Amino acid sequence: MAAKLGQLAFTRTQRLIARTPTRLMEAAEGTVNGSVDYKGNPVHRSTSGGWRSASFIIAVEVAERFAYYGISSNLITYLTGPLGQSTASAAANVNTWSGTATLLPLLGAFVADSFLGRYRTIIAASLIYILGLGLLTLAAKLTSANLHDCRSTKDARLCAPPRFQVILFFFSVYLVAVGQGGHKPCVQAFGGDQFDGQDPKESKAKSSFFNWWYFAISVGITVTLIVLVYIQDNLSWALGFGIPCIVLVAALLVFLLGSRTYRYSAKENGKNPFMRIGRVIVRAIRNRRTTPSAVPSEEDACLWDRCSEQFKFLNKALLAPDGSLEDQNVCSVNDVEDTKALLKLVPIWITSLAYAIAFAQTSTFFTKQGATLDRKIASGFKVPAASLQTFIGFSIMIFIPVYDRIVVPISRGLTRKPSGITMLQRIGTGMVFSAISMVTAALVEMKRLETARDHGLVDLPKVTVPMSIWWLVPQYILCGVADVLTIVGLQEFCYDQVPKELRSLGIALYLSIFGIGSFLSTFLISTINKATSGDGQESWFANNLNRAHLDYFYWLLAGLSALGFSAYLYFARLYIYNRERAI
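Calculation rules
Residues numbered from 1 in each chain as written. Predicted model: local features only at pLDDT ≥ 70, side-chain atom pairs only at ≥ 80, totals over all residues. Heavy atoms only, no water. UniProt positions renumbered as here; feature names shortened; annotations may be inferred. Phe/Tyr/Trp six-rings, centres within 6.5 Å; stacked < 30°, edge-to-face > 60°. Helix = DSSP H or I, 4+ residues; strand = E, 2+ residues; numbered from the N terminus. Buried < 20%, exposed > 50% of the residue type's maximum accessible area, 1.4 Å probe, protein only. Lys NZ or Arg CZ within 6 Å of the ring centre and 35° of its normal. Pairing = 2+ DSSP bridges. Salt bridge = Lys/Arg side-chain N within 4 Å of Asp/Glu carboxyl O. Axes fitted to C-alpha atoms, helices over the stretch in contact; angles between N-to-C directions. Parallel < 35°, antiparallel > 145°, perpendicular 65-115°, else oblique. Left-handed = near helix turned anticlockwise from the far one by under 90°. Contact = heavy atoms within 4.5 Å. Nonpolar A, V, L, I, M, F, W, Y, C, P; charged D, E, K, R; others polar.

By the naming in an unreviewed UniProt entry, the protein chain goes by Protein NRT1/ PTR FAMILY 5.10-like and is assigned to Populus tomentosa. UniProt, in its Subcellular location (unreviewed entry) section for the protein chain, records the words "Membrane".

See the structure below:
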């Protein structure tokens with residue numbers, strides 16, 4: 001037994017010694033381990049990657065967010081306006097579409113990590129995205145013509161959009177969701193690939209990259225909410241959907257210009273990473289009753305604590321059916337540890353869903369809430385209700401530099417950790433701010449309902465409630481601060497804590513939190529709407545918001561956020577960071 005272990009250790013030592021000159025040569029030549037250039041050759045650190053390459057990638061992401069929020073931020077207005085849907089139905093449709101759009105990245109990540117690679121997936125997804133935006137522009141143009149006929153003839157039959165136009169509209173927005181599904185997980189992962197986590201200088205730059213990434217896309221979102229929403233509400237929906245199409249075409253050209261400078265991930269041993277993970281799970285299940293024969297314990301098979309203590313049942317994948325290590329088809333320790341790394345994310349993923357449910361309200365009920373208030377500012381200009389979301393963007397743009405340049409250096413000096421506070425601490429802090437934002441929204445809604453009652457406007461839903469939109473600013477700002485902490489934290493966490501070959505999947509897992517959150521929000525809305533609208537009672541989500549009770553819904557979300565945070569705190573304390581980055 002001792003001789004067998006000794007032989008295994010000697011063989012491993014020989015392999016390590018054989019690789020050492022290669023690594024020293026790579027360091028001397030300034031090449032980046034695990035990355036290649038566009039020709040498949042070893043990539044040089046001085047001529048590739050870094051902020052220069054990341055800038056091209058950030059540009060295409062800003063354009064994509066400009067396009068996506070050009071649809072999502074004002075979609076409820078379009079559905080309740082030109083398409084004539086009820087508030088509850090429109091909110092459910094928005095959440096369903098948003099949920100689908102944030103779950104499809106799981107499929108996009110699979111395609112990228114298994115077949116096309118991130119670079120080619122980005123290009124293919126962008127083309128689908130552009131096609132979807134083009135068809136959406138056409139659908140909006142046809143609907144606008146239908147509305148014009150309705151006003152000119154005053155024929156009630158012409159006021160409902162033809163079925164073909166409705167089908168074309170939903171086909172277009174879901175085609176955009178497909179494009180976003182391939183685009184979103186790959187772009188951010190590809191941007192992170194431009195920084196070498198093993199290099200001390202580039203490792204710090206990578207941590208800052210996620211902060212400034214979110215800052216840049218927040219700028220794009222804010223421009224959307226100020227400019228594009230105004231165009232959609234006051235000029236033309238077709239123009240409001242057509243501009244993002246043109247912007248995304250230009251951004252794709254900019255992305256292609258940086259092709260020669262990018263660092264592309266080299267696939268390890270040419271193995272499909274999903275096949276490696278699946279193989280570990282299958283073999284562990286098959287060997288669940290197998291006992292080791294060649295070694296006294298599974299820990300010995302890991303050779304001196306190379307296997308982590310969590311999910312020890314997966315160590316069975318290291319054994320052959322007869323309990324030996326001699327089968328050529330046994331899984332490697334790295335395959336087992338990669339599988340464990342994915343499974344460790346599950347509790348964090350589940351306990352983040354309460355945050356995602358609260359997050360879904362900013363583009364639906366927050367917007368409808370603001371539409372009832374006095375939105376006039378200087379010179380009689382009326383702010384579009386969806387543009388109120390700019391307060392989230394402004395708070396993000398202010399707080400990210402403060403966090404990156406002030407909070408992180410101070411906390412870094414106190415904790416001696418490169419990121420200041422851990423990723424999980426950052427995520428949890430954002431959850432607290434999210435819960436507070438829901439409490440604030442409930443209190444403001446109570447004030448709005450009271451004002452409507454005091455002025456006799458309960459049965460006059462189209463009359464503006466004499467209450468300034470500035471009352472909504474605190475809940476938007478709190479949501480923005482929560483986003484900086486939780487969303488950016490989840491992005492970095494899911495990217496950092498998955499195997500290198502599955503980082504597109506890591507970003508997709510982060511996005512899927514918000515996809516499932518949107519579906520759960522839809523389920524809650526539908527259930528509550530049915531439960532509260534019987535026996536002649538007004539639903540919490542009645543079309544007449546002055547008779548609705550959004551305040552009750554916000555209180556419910558505040559309670560769910562508190563429960564979700566409590567569960568998250570429990571699992572976050574148990575989480576053990578991967579060895580590559582044990583912070």
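The discussion continues.
Draft legend 1. Expanded view of the packing of aromatic side chains. Evaluation of the coordinates by the stated rule reveals 39 aromatic pairs. Between the aromatic rings of phenylalanine 359 and phenylalanine 514, the centroid separation amounts to 5.0 Å while the plane-to-plane angle is 65 degrees, which identifies the pairing as edge-to-face. Of the two residues, phenylalanine 359 is situated in helix α14 (residues 353–359) and phenylalanine 514 in helix α19 (residues 503–532); the sequence distance between them amounts to 155 residues. Classification of phenylalanine 359 by relative accessible area gives partly exposed; the value is 23%. Summarising the aromatic geometry, the rings of phenylalanine 399 and tyrosine 403 are spaced 6.2 Å apart at their centres and angled 45 degrees between planes, so their arrangement reads as tilted. In this pair, phenylalanine 399 and tyrosine 403 are both assigned in helix α16 (residues 390–415), four residues apart and thus about one turn of the helix distant. Tyrosine 403 gets classed as buried once you look at its relative accessible area, which sits at 4%. Among the aromatic residues, ring-to-ring pairing joins Phe365, Phe366, Phe391, Trp470, Tyr476, Phe541, Phe553 and Tyr554 into one connected group. One Lys or Arg, lysine 344, reaches over the ring of tyrosine 575 and ends 5.0 Å from the middle of that ring.

Draft legend 2. Structural detail: the pairing of strand β5 (residues 465–468). Judged by which residues are buried, β5 turns out to be one-sided: Val465 and Met467 face inward and are buried, whereas Pro466 and Ser468, on the alternate face, are not. Relative to β5, strand β4 (residues 373–374) is paired through two bridges, and the arrangement is parallel. For aspartate 374, the partnering residue across the bridge sits in β5 and is serine 468.

Draft legend 3. Layout of the pattern of salt bridges. Scanning all chains against the criterion turns up six salt bridges. Linking lysine 184 and glutamate 61 is a salt bridge whose minimum nitrogen-to-oxygen distance equals 2.4 Å. Of this pair, lysine 184 sits in helix α8 (residues 163–192) while glutamate 61 sits in helix α2 (residues 50–72), and the two are 123 residues apart along the sequence. Just as lysine 184 is buried, glutamate 61 falls in that class too. With its nearest N and O atoms 2.7 Å apart, the salt bridge here joins arginine 65 to glutamate 64. On the basis of relative accessibility, which here comes to 0%, the residue glutamate 64 falls in the buried class. The network of salt bridges with common partners includes Glu61, Glu64, Arg65 and Lys184.

Draft legend 4. Main features of the packing of helix α4 (residues 87–103) against α19. It is the contact of α4 with α19, at a shortest axis distance of 7 Å, that shows an interaxial angle of 160 degrees. Viewed along their axes, α4 and α19 adopt a mutual orientation that is roughly antiparallel. Along this stretch, α4 crosses α19, giving a crossing that reads as left-handed. For the pair α4 and α19, the contacting residues are Ala88, Ala91, Ala92, Asn95, Thr96, Ser98, Gly99, Thr100, Thr102 and Leu103 in the first and Leu511, Ser512, Phe514, Gly515, Ile516, Ser518, Phe519, Ser521, Thr522, Ile525 and Asn529 in the second. Classifying every residue of the contact of α4 with α19 gives nine nonpolar, twelve polar and no charged.

Draft legend 5. Just the packing of helix α17 (residues 423–454) against helix α18 (residues 473–496), in detail. Contact geometry for α17 and α18: axes closest at 8 Å, N-to-C directions at 155 degrees. In terms of orientation, α17 and α18 fall into the roughly antiparallel class. Relative to α18, α17 is oriented so that their crossing is left-handed. Residue classes in the contact of α17 with α18 are distributed as 18 nonpolar, eight polar and three charged.

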